[in-house]
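Next come the chains, spelled out residue by residue.
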Amino acid sequence: GGPQAHFQAETQMNKLAEKLGLDPVEIRLKNVLREGSLLSTQTPLPGGPVSLPQVVQKCADEFGWSKKSQIPNPKPQIATGFGFACALKNIGFSFGYQENASAIVELHGGAEIEKVIVRHAAAEVGQGTHTALAQMAASTLGVPIEKIQMIVSDTAQTENAGSVSASRMTYMGGNAIKGACELALKKWDDEERPAIATYKYLAPKTENLDPETGKSKPNVAYGYVAQAVQVEVDIETGQVRVVRVTSANDVGRAINPRLIQGQVEGAVVQAQGWTIQENFQSKNGNVLTPSLTTYLIPGILDVPARVDSVIMEYPDDNGPWGARGMAEMPFIPLAPAIIAAVHDATGV
């Protein structure tokens, strides 16, 4: 539901900016949520700094938004356009569920730690979770990452960690592993060999909506993102080409910057497909686009020529080392940014 709702809100903001004669960045800097702002649930955003103003400004600066009018059209039939959008995304489950995750850590060795076994249920679906969790274990214990042995996604050997969804696993899993490592270290210092500890991280509680007032504290934490886009539209064929994307992301603390960069680039390409290529069709209950030849996702030639990942770090109060989640954030604002850029290029 995040991308669809933000598409509505951000497209409305761009329409308002045009009607008011304001720059899309300017109207956002006047109106975005900031520290102390109340949500529609009548409560402020939890966790660390509400960094949307900084994220919006940084994205505009890195893109060169103020100088975009100096970029010429490459050919007479090509119209160049620019679009901007921003978003926030909850981290973790919401509305009354108390977020949690568990981890088991074993320290093996004699005079020094020779091997660490980390048992954690987190699934790996290409986002690099297992690498990030191993890094956090190594950092907590003060050992090289080569000593970390991960036993993961095995319900026979691990406690519950919850699903890899809601951009939650770095935040929840990281806190669980950090806690388990710290408990294991205490046992190690007390001469226990092996030192084995289980820790269940319980995040701050969330609240359901009050049925009469609508008031609640719905989420534990949020991530923030802004994106600027340059497109080229062939005014003879209507073909839209995404040339350049700048994505500024407040990740709280970058546990692994390369993985973050990969997630930003992947999210941008996936969101581009959702915006201008993919078109699910059915008729009388029959799917008319059942394969990748009829339901088109971006291929290598569709990837933007340039995707700039701007990593910003405003630590969250409760995240491990201040980390926020960020996996879904770079997907969310791209569609309204692309639509705004097409409108800027064509007037349509």
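What this report covers is the structure whose coordinates are included nearby. Please read these numbers as outputs of a predicted model, since none were measured by experiment.

### As for the nonpolar core
If you look at the biggest cluster of nonpolar residues, it comprises 41 residues, and the most contacted ones within it are Val-105, Leu-107, Val-116 and Ile-148. Of all the secondary-structure elements, those providing two or more residues to this core are β1 (78-91), β2 (100-109), β3 (113-120), α4 (129-141), α5 (169-189), β5 (195-202) and β6 (221-234). Top element by residues in this core is α5. It accounts for nine residues. Sequence-distant contacts of Val-116, that is, excluding residues within four places in its chain, are made with Val-105, Glu-106, Leu-107, Leu-141, Val-143, Lys-147, Ile-148 and Gln-149.

### Quick notes on the pattern of salt bridges
Here the structure, examined in full by the defined rule, presents 14 salt bridges. For the salt bridge of Arg-119 with Glu-106, the shortest nitrogen-to-oxygen distance reads 3.0 Å. Taken together, the positions of Arg-119 in strand β3 and Glu-106 in strand β2 put the pair 13 residues apart, joining distant regions of the chain. A salt bridge links Asp-250 to Arg-324, with the nearest nitrogen and oxygen atoms 3.2 Å apart. Placement of the pair is Asp-250 in strand β7 (residues 240-250) and Arg-324 in the loop between β10 (306-312) and α7 (334-346), with a sequence separation of 74 residues. For Asp-250, a relative accessible area of 1% translates into the label buried. The structure contains a network of salt bridges with shared partners spanning Asp-250, Asp-316 and Arg-324.

### Digging into helix α2 (residues 24-31)
Residues of α2 that are buried: Val-25, Ile-27 and Arg-28. Considered in projection along α2, the buried side chains sweep an arc of 165° and stay on one side of the axis. On its buried face, α2 sits against α1 (2-20), α3 (52-63) and β1. A side-chain oxygen of the first residue of α2 lies 2.8 Å from the backbone nitrogen of Val-25; this N-cap is Asp-23.

Reading the values: rules and limits
Residues numbered from 1 in each chain as written. Predicted model: local features only at pLDDT ≥ 70, side-chain atom pairs only at ≥ 80, totals over all residues. Heavy atoms only, no water. Core = buried A, V, L, I, M, F, W, Y, C linked by side-chain atoms within 4.5 Å. Buried < 20%, exposed > 50% of the residue type's maximum accessible area, 1.4 Å probe, protein only. Helix = DSSP H or I, 4+ residues; strand = E, 2+ residues; numbered from the N terminus. Contact = heavy atoms within 4.5 Å. Salt bridge = Lys/Arg side-chain N within 4 Å of Asp/Glu carboxyl O. Arc of directions from axis to C-beta. Polar contact = N/O pair within 3.5 Å; in protein donor to acceptor, adjacent residues only side chain to side chain.

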